[in-house]
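Coordinates in review
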Amino acid sequence: MKIRGWLALSALTITIMLAGCSRADPSMIADSTGAGSDTPAGAGPATVEIAADASGQLKFADETLSGPADQPITVSFSNPAAVPHNWVLVEPGQEQAVATAAQAANGNPAGIEGVIAGGAPITSATEPIQVPPTPAGEYPYLCTVPGHYQAGMAGTMTLGAAAATGEPTDADVQGAASAAASSAAQGAAGSAVAGGNADGITVAADPSGQLKFQQTTLQAKSGTDFTVNFSNPAPVPHNWVLVQPGQENAVATAAAAKGGDPSGIEGVIVGGQPIANSSETVTVPAQSPGTYPYICTVPGHYQAGMKGELAVTP
Ligand SMILES: [Cu+2]
């Protein structure tokens, strides 16, 4: 955190110094044909702010950005959530190809064709992304963490538009507030009860890629093995992991360190690897009566609310 903060500060310092130079250098002012008049006097370096949804939903707080053409831009990307995200600017039309290629690299966009600028996924942090001088046009940006682009985590950055200041707008603030409000509303809702049946319990991840299970309560009988059919119709990877009461936070933390793999983690009763666009059947060994939490152990998903409870009755 300290190093990141220092880097951000020094990058800011450097951009301020560069801006100072350009104002002092008549040749550079002469170079900025026309476009310069769009920049308010004394606006300084082109810095644009963008944030991921604060509640961990798979979207950016802003789906449009603007900046100057043919100039370096610092995009300050912050992800306040525990779900990993990044910000990647790509050549027009390349978003699908970049998302697919990055998926194979666990979300890292480095070295992928079609990427203009972008960083590795981060959580609960802010980092500056340096966008090189790029011709005027509309450029897509996306999060390349597996499944996030497919779930709608994307936007458009217009370069060369008239207004291109980096100041956070009222719209930014309102966007963050309404995202928080909608996630609170979701928390209050969501308690679809699935019929408990020891011959086969069904649980599914949200089909639109949101970080939640369709069923947040399940029921089973004690004293006998039973199967759970977990399906994930979305491209965002998820799993279904049953844990000992009170262990959900510890399990989520331990699994996050292994990229979501719940195998061998203390407190896990049963659970599979994350899957996407598929389903699997998990056999649960006989349990004593009680209430057992289940969670998705993909990094950040439990923290975003992807959890439920299995009631085991006598
Ligand atoms: Cu998940």
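Residues numbered from 1 in each chain as written. Predicted model: local features only at pLDDT ≥ 70, side-chain atom pairs only at ≥ 80, totals over all residues.

In this section: the overall build of the protein chain. Counting secondary structure elements, the protein chain contains 5 helices and 16 strands. In the protein chain, buried positions account for 38% of the 314 residues. When contacts within the protein chain are restricted to residue pairs at least 6 apart in sequence, long-range pairs at least 24 apart make up 74% of them. (Helix = DSSP H or I, 4+ residues; strand = E, 2+ residues; numbered from the N terminus. Buried ≥ 20, exposed ≤ 12 C-beta atoms within 10 Å, placed from the backbone. Contact = placed C-beta atoms within 7 Å.)

Another aspect to go through is the sheet that holds strand β9 (residues 201-204). Strand order in the open sheet formed by 3 strands is β9-β11-β14, and the pairing between neighbours is mixed. The open sheet terminates on both sides in strands that have one partner only, identified here as β9 and β14 (278-284). Averaged over all pairs of adjacent strands, the angle between their axes in this sheet comes to 20°, without regard to strand direction. Looking at chain direction, β9 and strand β11 (residues 226-232) are connected through 4 bridges and run parallel. Considered in β11, the bridge of Val 203 is made with Phe 230. (Pairing = 2+ DSSP bridges. Axes fitted to C-alpha atoms, helices over the stretch in contact; angles between N-to-C directions.)

This part is about the sheet that holds strand β3 (residues 73-79). The mixed open sheet is built from 3 strands, whose spatial order is β1-β3-β6. Each edge of the open sheet carries a strand with a single partner, namely β1 (47-51) and β6 (125-131). Between one strand axis and the next, the sheet turns through 20° on average, direction left out of account. Taken together, the 7 bridges between β3 and β6 define a ladder with antiparallel strand orientation. Bridged to Ser 76 within β6 is Pro 128.

This paragraph deals with the confidence of the model for the protein chain. In the predicted model, the protein chain carries a mean pLDDT of 80, and 74% of its residues have values of at least 70. pLDDT under 50 marks residues 1-42. Its contacts with residues more than four places away, or in other chains, come to 24 contacts. Confidence over residues 163-198 falls short of pLDDT 50; this stretch has 53 contacts with residues more than four positions distant or in other chains. (pLDDT = per-residue confidence, 0-100.)

So, about unusual backbone geometry. Residues other than glycine predominantly adopt negative phi, and peptide bonds predominantly adopt the trans conformation. Positive phi, normally seen in glycine, also occurs at Asp 70, with a value near 60°. Here Asn 106, not a glycine, exhibits a phi torsion of approximately 55°, which is positive. When you line up the elements, Asn 106 lands in the loop between α3 (95-103) and β5 (115-118).

What follows deals with the environment of Ile 116. Positionally, Ile 116 belongs in strand β5. Taking the C-alpha atoms as reference, Ile 116 lies 5.0 Å from Val 90; in sequence the two are 26 residues apart. The residues contacting Ile 116, other than those within four sequence positions of it, are Leu 89, Val 90, Glu 91, Val 131, Thr 134 and Tyr 139.

Attention now moves to α3. Residues Glu 95, Val 98, Ala 99 and Ala 102 constitute the buried set of α3. What you see down the axis of α3 is that its buried residues fit within an arc of 100°, all on one side. Looking at the packing, one finds that the buried side of α3 touches β4 (88-90), β5, β7 (137-142) and β8 (154-159). (Arc of directions from axis to C-beta.)

Let us now look at the nonpolar core. If you look at the biggest cluster of nonpolar residues, it comprises 68 residues, and the most contacted ones within it are Leu 142 and Ile 295. Top contributing element to this core by residue count: helix α5 (residues 248-256), with 4 residues. Viewed by domain, this core spans two of them, domain 1 (2-185) and domain 2 (190-313), each represented by three or more residues. Not counting chain neighbours up to four residues away, the residues in contact with Leu 142 comprise Val 88, Val 90, Glu 95, Ala 99, Tyr 149, Met 153 and Ala 154. (Core = buried A, V, L, I, M, F, W, Y, C linked by C-beta atoms within 7 Å. Domains from an automatic or database assignment.)

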